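# Descriptive structure summary
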Amino acid sequence: MAGFLTAKNNARVGIVAGTAALLFSFVANADVQSRQQFLDQAAEKNRQQYEQVLQQQRKQQEEFEKSSRDYARQVEERVKQQNAETDRIHKEAVERNKQDEMDRLARAQKMRDEAGDPERN
């Protein structure tokens, strides 16, 4: 009977050990799943943050490009205005010189007429 009790005790120890091993495997599996879920969540959060950074960079790049285009347009407009002003001043100067030359020729003619230039009379 002592052998039977030992066998029975050994069986109980085996059942307890098996149950403990099964429980441990469930806990370990749950721990692995929990860690995997944590890693997946962390990876998703990192991906979202990376996308936000990329979006911000794209937005900044677009704003920079828009600002550059606006500045280039402003500079181009100022150059056009300056060129137009330069052309206007040049045309006025040419007209003024023509008028001055015509006035000078008229005065010279008047002086010759008043002096009684024999070549003209």
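Remember, predicted model here, so these are calculated numbers, not experimental data.

### A few points about the overall build of the protein
The number of helices and strands found in the protein is 1 helix and 0 strands. Counting only residues that meet the buried cut, the protein has 1% of its 121 residues in that class. Here the protein displays about 11,100 Å² of accessible surface, and carbon together with sulfur accounts for 56% of that area.

### Remarks on the confidence of the model for the protein
Across the protein, pLDDT averages 83, with 73% of residues at or above 70. Note on residues 1-5: pLDDT under 50 across the span, and 0 contacts to partners over four residues away in sequence or across chains.

### Some words on the pattern of salt bridges
Applying the stated criterion across every chain yields a total of 8 salt bridges. The partner of Asp70 in a salt bridge is Lys66, with the nearest N and O atoms 3.1 Å apart. One end of the pair, Asp70, and the other, Lys66, are both in helix α1 (residues 2-115), 4 residues apart, so they sit about a helical turn from each other. Glu76 is the salt-bridge partner of Lys80, the closest N and O atoms lying 3.7 Å from each other.

Reading the values: rules and limits
- Residues numbered from 1 in each chain as written.
- Predicted model: local features only at pLDDT ≥ 70, side-chain atom pairs only at ≥ 80, totals over all residues.
- Heavy atoms only, no water.
- Helix = DSSP H or I, 4+ residues; strand = E, 2+ residues; numbered from the N terminus.
- Buried < 20%, exposed > 50% of the residue type's maximum accessible area, 1.4 Å probe, protein only.
- Areas by Shrake-Rupley, 256 points an atom, 1.4 Å probe, with all protein chains shown as cover.
- pLDDT = per-residue confidence, 0-100.
- Contact = heavy atoms within 4.5 Å.
- Salt bridge = Lys/Arg side-chain N within 4 Å of Asp/Glu carboxyl O.

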